[in-house]
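# Inside the fold
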Amino acid sequence: MIRGRSDLSGVRRIVVKIGSSLLADATSGIRREAIDRLADEVAALHARGIEVAIVSSGAVALGRVRMGWGDRKLTVHEKQAAAAIGQPHLMRAYSRAFERHGRMVAQMLLTKDDLRHRRRYLNASNTSETLFSAGVVPVVNENDTVVVEEIKFGDNDSLAALVSLLIDADLLVIMTDVDGFYDRSPEAPGARRLDVVEHLTPAIIQAAGGVGSSFGTGGMASKIDAVRISTRGGVAVAIVNGQRRHALSSLLAGADTGTLFLCSGDRHSKRQHWIADVLTPVGAVRVDAGAERALLECGGSLLPVGIIEVTGHFDKGECIDIVGQQGKPIARGLTNYNAEDLRRIQGHPSQEIESILGYMDFSSVIHRDNLVLL
Ligand code: GLU
């Protein structure tokens with residue numbers, strides 16, 4: 001686990017996320033020199049035995065240029081078409097750049113849905129392990145052609161965070177066009193770059209522009225969201241300026257460059273991370289004060305007796321939120337009963353489940369092992 005800059009020299013596996021602005025040019029298309037430079041840096045890490053996966057944007061930007069669509073606003077389907085057009089050009093540039101170092105690259109296109117299904121998640125994880133052991137560099141992007149805005153990762157920052165957990169990396173490096181994370185807009189007078197951040201405090205979240213907004217070109221709100229996902233799963237995150245030469249090697253050498261975010265508290269188990277950060281809840285149960293206390297303070301399972309309301313339609317095995325006294329989700333987990341059956345057993349002690357439903361698979365509604373406090 002990375003506890004400070006001096007630990008960065010010991011990383012074994014990293015994810016490097018690089019954004020469209022560094023890779024694509026609105027007029028001439030791909031910035032081949034930027035991809036070559038990244039490949040050179042990654043090759044230097046390979047020589048030290050460090051494994052690297054790249055999460056690369058740029059498909060839509062390249063497709064747009066190739067189609068001569070300028071900077072006009074594209075419809076969702078035009079964006080998807082642009083991604084389909086741009087992606088092979090992006091991969092060709094990576095392929096050429098890594099060939100110079102005798103390495104092959106592999107394209108991994110993922111959607112949020114892929115990671116939501118446990119089996120597909122494990123398949124993606126096994127594929128990346130096989131690529132690493134074959135010495136091939138995974139280049140990941142969102143599979144833009146099959147998803148629309150509502151079900152997209154939103155941006156490649158959160159995709160990169162999930163990939164960092166998927167491949168069990170030590171570090172996620174987000175390359176952007178500012179020098180790191182600043183305590184206010186980098187252009188504002190007196191703005192100060194933060195060196196190492198131990199916890200994501202409300203002040204930091206506010207400095208990032210709050211949820212859903214961002215300042216300057218850094219798009220910091222989505223980056224801070226990615227930081228939250230990765231660090232909670234035990235992966236440190238560095239935000240660095242990808243325009244600087246040797247950005248990666250100087251970061252790993254411990255230089256005072258960019259901003260390093262350390263892991264927060266306990267490392268979530270893989271299963272808990274999957275529940276908390278990958279799955280989208282499809283329903284909710286509201287619980288009474290006793291159940292809330294049992295969950296928060298005693299680490300208990302959720303029992304039917306503590307449930308006062310069930311919302312939504314869901315099947316057993318699906319992910320649901322547990323809403324507390326304040327009306328906000330306090331936990332999330334995989335339910336052992338479907339919504340209809342839950343409505344019938346809510347408020348009843350577990351011993352009555354069998355007589356009410358005619359069967360009892362589990363005495364708890366959500367077992368502790370399938371539950372994550374938020
Ligand atoms: N997947 C998109 C692309 O390759 C980029 C998403 C983003 O990071 O904005 O063009």
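Analysis parameters
- Residues numbered from 1 in each chain as written.
- Predicted model: local features only at pLDDT ≥ 70, side-chain atom pairs only at ≥ 80, totals over all residues.
- Heavy atoms only, no water.
- Near = heavy atom within 4 Å.
- Polar contact = N/O pair within 3.5 Å; in protein donor to acceptor, adjacent residues only side chain to side chain.
- Areas by Shrake-Rupley, 256 points an atom, 1.4 Å probe, with all protein chains shown as cover.
- Nonpolar A, V, L, I, M, F, W, Y, C, P; charged D, E, K, R; others polar.
- Phe/Tyr/Trp six-rings, centres within 6.5 Å; stacked < 30°, edge-to-face > 60°.
- Helix = DSSP H or I, 4+ residues; strand = E, 2+ residues; numbered from the N terminus.
- Buried < 20%, exposed > 50% of the residue type's maximum accessible area, 1.4 Å probe, protein only.
- Pairing = 2+ DSSP bridges.
- Contact = heavy atoms within 4.5 Å.
- Axes fitted to C-alpha atoms, helices over the stretch in contact; angles between N-to-C directions.
- Expected span 1.5 Å × (residues − 1).
- Arc of directions from axis to C-beta.

## A few points about the site of the ligand
Neighbouring residues of the ligand: Ser57, Gly58, Ala59, Val60, Asn141, Asp144, Asp155 and Asn156. Contact between the ligand and Asn156: an oxygen atom at 3.0 Å from a main-chain N or O atom of the residue. Computed on the free molecule, the ligand has an accessible area of 300 Å², of which 79% lies beneath the protein chains in the complex. Classifying every residue of the shell around the ligand by side-chain character gives 2 nonpolar, 4 polar and 2 charged.

## Thoughts on the packing of aromatic side chains
Here the structure, examined in full by the defined rule, presents 2 aromatic pairs. Taken together, a centroid distance of 6.0 Å and an interplanar angle of 70° make the contact between Phe181 and Phe261 edge-to-face. Note that Phe181 is positioned in the loop between strand E7 (171-176) and strand E8 (196-197) and Phe261 in strand E10 (residues 259-261), a separation of 80 residues in sequence. Taking relative accessible area as the criterion, Phe181 reaches 0% and is therefore assigned buried. The class for Phe261 is buried, based on a relative accessible area of 1%. Taken together, a centroid distance of 6.0 Å and an interplanar angle of 35° make the contact between Tyr337 and Tyr359 tilted. One end of the pair, Tyr337, is in the loop between strand E14 (329-334) and helix H13 (339-345); the other, Tyr359, is in the loop between helix H14 (353-357) and strand E15 (371-373), and 22 residues separate them in sequence. The exposure class assigned to Tyr359 is partly exposed, which follows from its relative accessible area of 26%.

## A closer look at the sheet that holds strand E4 (residues 51-56)
Taken in spatial order, the 8 strands make up an open sheet running E5-E6-E4-E1-E7-E9-E10-E8, and their pairing is mixed. Edge positions in the open sheet fall to strand E5 (105-110) and E8, since each of these has one partner strand only. Relative to E7, strand E1 (residues 13-18) runs parallel, the two being bridged by 5 bridges. If you follow Val15 over to E7, its bridge partner there is Leu172. Contacts from helix H4 (residues 76-99) reach E1, E4, E5 and strand E6 (137-142), with the element oriented near 150° to E5. Lying on the sheet, helix H6 (residues 118-133) is in contact with E1, E4, E5 and E6; it crosses E5 at an angle near 170°.

## Side note on the sheet that holds strand E12 (residues 307-311)
Ordered by their spatial adjacency, 5 strands build an open sheet running E12-E11-E13-E14-E15, and the pairing between neighbours is mixed. Looking at which strands have only one partner, the edges of the open sheet turn out to be E12 and E15. Strand-to-strand twist of the sheet, defined as the mean angle between neighbouring strand axes without regard to direction, takes the value 25°. Bridge analysis of E14 against E15 gives 3 bridges, and the strand direction is antiparallel. From the neighbouring strand, Arg332 faces E15, where its bridge partner is Val372. Contacting strand E13 (319-323), E14 and E15, helix H11 (residues 270-278) crosses the sheet at an angle of about 115° to E14.

## Focus on the environment of Ile174
Structurally, Ile174 is set in strand E7. The spacing of Ile174 and Glu292 is 118 residues in sequence and 37 Å in space, taken between C-alpha atoms. Filtering out sequence-adjacent residues up to four positions away, Ile174 remains in contact with Lys17, Asp157, Lys223, Ala226, Val237, Ala238, Ile239 and Val240.

## Details of H6
The terminal C-alpha atoms of H6 lie 23 Å apart, and with 16 residues this matches the ideal 22 Å at 1.5 Å per residue to within 8%. Where H6 is concerned, the buried positions are Tyr121, Ala124, Ser125, Ser128, Leu131 and Phe132. An end-on view of H6 places all buried positions within 125° of arc, on one side of the element. Within H6, the exposed residues directed more than 90 degrees away from the buried face are Arg119, Thr130 and Ser133. Gly135 lies just past H6 and shows a positive phi near 75°.

## Concerning the environment of Glu352
Among the structural elements, Glu352 can be located in the loop between H13 and H14. On the accessibility criterion, Glu352 (32% relative accessible area) is partly exposed. At 2.8 Å, the side chain of Glu352 forms a polar contact with the side chain of His348.

## So, the pairing of strand E9 (residues 236-241)
Most of E9 is tucked away, with 6 of its 6 residues classed as buried. Judged by which residues are buried, E9 turns out to be covered on both faces: Ala236, Ala238 and Val240 on one side and Val237, Ile239 and Asn241 on the other are all buried. The pairing of E7 with E9 spans 6 bridges and is classified as parallel. Residue Ile174 lies in a different strand from E9, and its bridge partner there is Ile239. Taken together, the 3 bridges between E9 and E10 define a ladder with antiparallel strand orientation. Note that in E10 the partner of Ile239 across the bridge is Thr259.

## A short note on the pairing of E7
A regular strand places its side chains on the two faces of the sheet in alternate fashion. The buried fraction of E7 amounts to 6 of the 6 residues, a majority that puts the element mostly inside the structure. The two faces of E7 match: Leu171, Val173 and Met175 on one face and Leu172, Ile174 and Thr176 on the other face are all buried.

## Quick word on unusual backbone geometry
For residues that are not glycine, phi is negative in most cases, and the peptide bond is trans in most cases. One non-glycine residue, Asp168, lies in positive phi territory at about 60°. Within the fold, Asp168 resides in the loop between helix H7 (156-166) and E7. By relative accessible area, which is 37% here, Asp168 ends up partly exposed. Despite not being glycine, His246 has its phi angle at roughly 55°, a positive value. Relative to the elements of secondary structure, His246 occurs in the loop between E9 and helix H10 (247-252).

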